[in-house]
Structure formats: C-alpha cells, structure tokens
Amino acid sequence: MRISKSSAQQIVEEIGKLVRQNINLMDETGCIVASNDPERIGNFHEGAYQIITRHLKELYITPELERAIPMVRRGINLPIEVDGQVEGVIGITGAYDEVISYGQIVKKMAEILIRERIILDAQRYDLRVRSRFLEDWILGEGLSSAQALSERGFAIGIDIRIPRRCLVLSVGHLERYTGTLEGQQFIERLEMAVSEFVARFQSSIILRNAARQIVLLPRRSTEELTEICRELTASIRAQFDTPLLVGIDGAAEDIHAAYLQANRAWRAASHSKETIVSYETLSTELLLDHIPRKVKAEYLRKLYPGCSAAQLREFTVLLEAYFAAEGSLNAAADAMFIHKNTLQYRLKRLAEISGLDVRKPSNAPALYMAVLFFRDLENEEELLL
C-alpha cells in the first residue's frame, strides 16, 4: 500500500465516524494495517487475501465462513483500486443487510482518500528532497562539488548556475514567538506572506531554516535588493504590524559564502536600529569570522560566570533592545513591553554578574561583543555550558 500506516488509520477513523461500523483496511498482502478495533491491527485477513489473489469484486464473510476461517468476522470486503492498481481491501463488519447497501460508497470514499494521501505523501517527499538539496547547497559546502550539485539540482528543477544573491530574514523579536503554538502559527502566516511576495521574482528560491527564511534571488545590485526589501518589510508591517529583519549578502560568488554573509547581516539587524542590513555596511561584526568558536564561548563563560544558556539568552535579548534603542531606556523598555524600572533592575542585575555596566561607554563595547558571540553560538549549547 502506497500510504503510511498512520495515514491508513486516519482514513479508517474518518470513514468509521460516517458509517458507524467497524472498518478494517488491509494491504496487498492481506494484513490488517488499520482498524477501528486496535486488537485486529497486524492480523492476517484471509478474506482480503482471497480478494487479491483471486481478483474478486467482493467477498462477504457469512456466519459459516466466520466460524470456518480464523481471524475474520462477518461483513463485506471490497478491493480498493487507485489508478488501475489494487492498493488493498476495505472491510466493513456487520450483517449483510446492514453493510451491503453502502459498501460501494465506502469503497469509493476509501479510494478517493487514499488517492489524496498518495498525492500528499508524494508532495511531502518531493519537499523533503528539495529541502535536503538546498541545505546541502546553501548551508553546506557551497560549490565545492559543483558538478554533483548541478546534477542533483537539475533533477529537481533548480539550476545552480544562475547567478544569485542571498537574503536571510525573520520576524523581529523572534524569541517572542518561538516558544508557543500561537507564536509558531504567527510565524507560519508571516512566512507564507513572504513566500507570496518572493514568488513574484522568476527563479526565486526559499529555504526555511530555524524560524528564518533564506531567500535566493537572481543577481542584482545591492541597491536594487535593498529597495525590494523595503517594499517587502513595508508589506509585512502593514499586514502583521511587526518588523521584518533582513540581512543582505555581500555579493559573494559562492552561494554558501553568500549565505554566511547574509546571515551575519541578519544577526546584526537584530540589535540595530535598521531592520535591513547589508553585509557591505558591517564593521565590528566582520571580526567574528576570525575568532575561534571556543574563544567566543570562553569569553561568554568568563563574562557571565555560572550562567546557563537560557540566562545568556535573556541577557542578550536585553542588550539587543538597549543597543537598538541607542541607549534610550524608555525606547528599550517600550520595545520589550516592560516598565522602565524593570529594565533598570535587569541592567543592574546584568552589571552585578558581568562586572560591566552597559550604560558606561567604556563598558558597552565588551557587552556588544558578547551579544555577537552569543548569537553566533546560540545553536551550539554544548559550547556555552
């Protein structure tokens, strides 16, 4: 059977609710793969096997057959045919008069639902194949094996030879949404709106990764990309009343290198007054590429002794709001939806732990580097502990 057991069980339950009879679904070997009676799942069904091997149009299990054949019950059994192929057998338990009148209806329902699941499963498979390729190409080794990547891309309709630019984008204040179901649903709606906008551009590609969208567009100037991003962020603001953070690459020829540049710019946007940041405009952030990851982790451990990764994240969010507000306590408190006194208390607590007060110009650079280091390592929690 070309559908999963979970899909088969869902079909059985949907039909069972309508006909109010026990429904069994058997695969092409006669094995019961789904049933309203859990104890029957996995059992061999002789009636279904007879239908498949003898090419029967139907088989009713009479009381006599029920006694003579093990593991079957009285009821009608009908072959399920999809696109000219027998996918299995559906059985409806009950007396003949009870089941014969709607047996063909149930058969047709099962065939329609199975056909839909086959199509849906194929689409999901194609999506997984596409996503795996994009992860290997964009997040992996870039064009180090160009021939193999080109052949894989060609097989799924992606021409990697087309010159492209890379954007990384996400909803602003991402941490507010990732921890709840409502927040995840909000992100999904926003990403759908982004996808619809990006679909306007021929040969555009989107990869969803860690609550971000990585967008590839046919190559154009940074000025043109910035204008496109302004239009997109304005559209998202109008629809969802929330900022969209965008990082633009530095026009690297290698798509993996372009992604790293765009991702660096996107991280910078999270603690900047600007929601659209180009790699070409970065300064301090460029130092990160030359500092070993273990050194960054050691820096954070010394700055925040004894703190967990969750506490480091809280301090980072606090500092990002402060830096984005250019040191304005009122603006930072408003951005975090907290009272100014609460913000001051948290900054004081941060100063007690780190020994640095972000409100002092001489201390701010060290804490700014801590923000950059944490965002660079936040998905590698083992380094932070």
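No experiment lies behind these values; they were computed from the predicted model shown. In every chain, residue numbers begin from 1 and rise along the written sequence. Predicted model: local features are reported for residues with pLDDT of at least 70 only, side-chain atom pairs are reported and counted for 80 or more only, and whole-chain, interface and lining totals are derived from all residues. Here the side-chain values reflect all heavy atoms present in the structure, with hydrogen atoms and water set aside.

A. Structural context of the overall build of the chain. Only DSSP runs of H or I covering at least 4 residues are called helices, and only runs of E covering at least 2 are called strands; the numbering of each starts at the N terminus. Within the chain, the regular secondary structure consists of 15 helices and 10 strands. Throughout, the radius of gyration refers to the C-alpha atoms, and the reference size of a globule is 2.2 Å times the residue count to the power 0.38. Its C-alpha atoms give the chain a radius of gyration of 29 Å, more than 25% over the compact-globule value 21 Å for 385 residues. Over its C-alpha atoms, taken along the principal directions, the chain stretches across nearly 90 × 50 × 40 Å. Long-range pairs, those at least 24 residues apart, make up 60% of the contacts in the chain between residues at least 6 apart in sequence. Methods summary: accessible areas were calculated by the Shrake-Rupley approach with a probe of 1.4 Å, and residue burial reflects only the protein chains presented. When the accessible surface of the chain is split by element, carbon and sulfur atoms take 53% of a total near 19,800 Å². Residue contacts are defined here by distance: any two heavy atoms, one from each residue, within 4.5 Å place the two residues in contact.

B. Representation of the packing of helix 11 (residues 309-324) against helix 12 (residues 329-336) in the model. Only the stretch in contact is used when a helix axis is fitted, and all axes are lines through C-alpha atoms; the angle between N-to-C directions ranges over 0 to 180 degrees. Axis separation between helix 11 and helix 12 bottoms out at 8 Å; the angle between their running directions is 130°. Between helix 11 and helix 12, the crossing angle belongs to the class labelled oblique. Crossing hand, helix 11 versus helix 12: right-handed. Facing Val317, Leu318, Ala321 and Tyr322 of helix 11, the residues of helix 12 in contact are Leu329, Ala332 and Met336. For this classification, the nonpolar set comprises Ala, Val, Leu, Ile, Met, Phe, Trp, Tyr, Cys and Pro, the charged set comprises Asp, Glu, Lys and Arg, and every other residue, Gly included, is treated as polar. In the contact of helix 11 with helix 12, the residues fall into seven nonpolar, no polar and no charged. Any angle that falls under 35 degrees is termed roughly parallel, while one over 145 is termed roughly antiparallel, one within 65 to 115 roughly perpendicular, and all others oblique. Note: crossing handedness is left-handed where the near helix turns anticlockwise from the far helix by less than a right angle, and right-handed where it turns clockwise.

C. Examining unusual backbone geometry more closely. The residue arginine 20 is not glycine, and still its phi comes out positive at about 55°. Relative to the helices and strands, arginine 20 is located in the loop between helix 1 (5-19) and strand 1 (23-26). Partly exposed residues are those whose accessible area sits between 20% and 50% of the maximum for their type, while under 20% is buried and over 50% is exposed, using a 1.4 Å probe and protein chains only. Residue arginine 20 is classed as exposed on the basis of its relative accessible area of 72%.

D. Spotlight on the sheet that holds strand 5 (residues 85-93). Here, any two strands with at least 2 DSSP bridges between them count as paired. In spatial order, the strands read 2-1-5-4-3; together these five strands make up an open sheet with antiparallel pairing. The open sheet has two edge strands, strand 2 (32-35) and strand 3 (59-61), and neither has a second partner. Strand-to-strand twist in this sheet, taken as the mean axis angle between neighbours without regard to direction, amounts to 25°. Where strand 4 (residues 75-82) and strand 5 come together, eight bridges link them in antiparallel fashion.

E. Summary view of helix 10 (residues 293-303). Burial in helix 10 covers these residues: Lys296, Ala297, Leu300 and Leu303. The buried residues of helix 10 occupy one face: seen down the axis, they fall within an arc of 130°. Facing away from the buried side of helix 10 by over 90 degrees, the exposed positions are Lys294 and Lys302. Think of it as the arc spanned by the lines of direction from the helix axis to the C-beta atoms.

F. Structural detail: the side chain of serine 354. Examined against the element boundaries, serine 354 turns out to sit in helix 13 (residues 340-354). By relative accessible area, which is 14% here, serine 354 ends up buried. Under the rule applied, a polar contact is a pair of N or O atoms within 3.5 Å (in protein, one hydrogen donor and one hydrogen acceptor; residues adjacent in sequence only if both atoms are side-chain atoms). Of note is the side chain of serine 354, whose polar atom sits 2.8 Å from the backbone oxygen of leucine 350. From its side chain, serine 354 meets the backbone nitrogen of leucine 356 in a polar contact 3.1 Å long. Those residues within four positions of serine 354 in sequence are excluded, and the remaining contacts are Leu303, Tyr304 and Leu367.

G. Quick peek at the packing of helix 5 (residues 103-140) against helix 6 (residues 146-155). Across the interface, helix 5 lies against helix 6 with an axial gap of 11 Å and an inter-helix angle of 155°. With respect to helix 6, the axis of helix 5 lies roughly antiparallel. Here helix 5 runs over helix 6; the crossing is left-handed. Only Leu149, Arg152 and Gly153 of helix 6 make contact with helix 5, whose side of the interface consists of Arg132, Phe133, Asp136 and Trp137. Tallied by class, residues from the contact of helix 5 with helix 6 come to three nonpolar, one polar and three charged.

H. Region of interest: the sheet that holds strand 7 (residues 205-209). What the five strands build is an open sheet, ordered 7-8-6-9-10; its pairing is mixed. Each having just a single partner strand, strand 7 and strand 10 (276-278) make up the two edges of the open sheet. When the angles between neighbouring strand axes are averaged without regard to direction, this sheet yields 20°. On top of the sheet, helix 7 (residues 181-198) reaches strand 6 (164-171), strand 7, strand 8 (212-218) and strand 9 (244-248); it is set at about 5° to strand 8, its chief contact. Taken strand by strand, helix 9 (residues 255-269) contacts strand 6, strand 8, strand 9 and strand 10, and its axis lies near 30° from that of strand 6.

I. Broad picture of the packing of aromatic side chains. Pairing of aromatic side chains here covers Phe, Tyr and the six-membered ring of Trp, requires ring centres within 6.5 Å, and sorts the geometry by plane angle: under 30 degrees stacked, over 60 edge-to-face, intermediate tilted. Across all of its chains, the model carries 10 aromatic pairs by this definition. Taking the centre distance of 4.9 Å and the plane angle of 15° together, the rings of tyrosine 177 and phenylalanine 186 count as stacked. Take phenylalanine 186: its relative accessible area is 13%, and that puts it in the buried class. Relative to phenylalanine 323, the ring of tyrosine 322 has its centre 6.0 Å away and its plane inclined at 70°; by these criteria the two rings are edge-to-face. Whether a charge sits over a ring depends on NZ of Lys or CZ of Arg being within 6 Å of the ring centre and within 35 degrees of the ring normal. Seen from the ring of phenylalanine 197, arginine 200 lies directly overhead, with NZ or CZ sitting 4.3 Å from the centre. Its guanidinium or amino end placed over the ring of tryptophan 266, arginine 212 lies 5.5 Å from that ring's centre, counting from NZ or CZ.

J. Representation of the environment of cysteine 307 in the model. Locating cysteine 307 in the fold gives a position in the loop between helix 10 and helix 11. Residue cysteine 307 is classed as buried on the basis of its relative accessible area, which comes to 14%. In this structure, the C-alpha to C-alpha distance between cysteine 307 and isoleucine 353, residues 46 residues apart in sequence, is 8.9 Å. Setting aside its immediate chain neighbours within four residues, cysteine 307 contacts Leu312, Phe315 and Ile353.

K. Up close: helix 9. The length a helix should cover is 1.5 Å for every residue beyond the first. The end-to-end C-alpha separation of helix 9 is 21 Å, in line with the 21 Å expected for 15 residues at 1.5 Å each. For helix 9, the tally of buried residues reaches 13 of 15 residues, placing the bulk of the element in the interior. Put simply, aspartate 254 is the residue that caps the front of helix 9, since its side-chain oxygen is 2.7 Å from the backbone nitrogen of histidine 256.

Any functional reading would require information that these geometric values do not contain.
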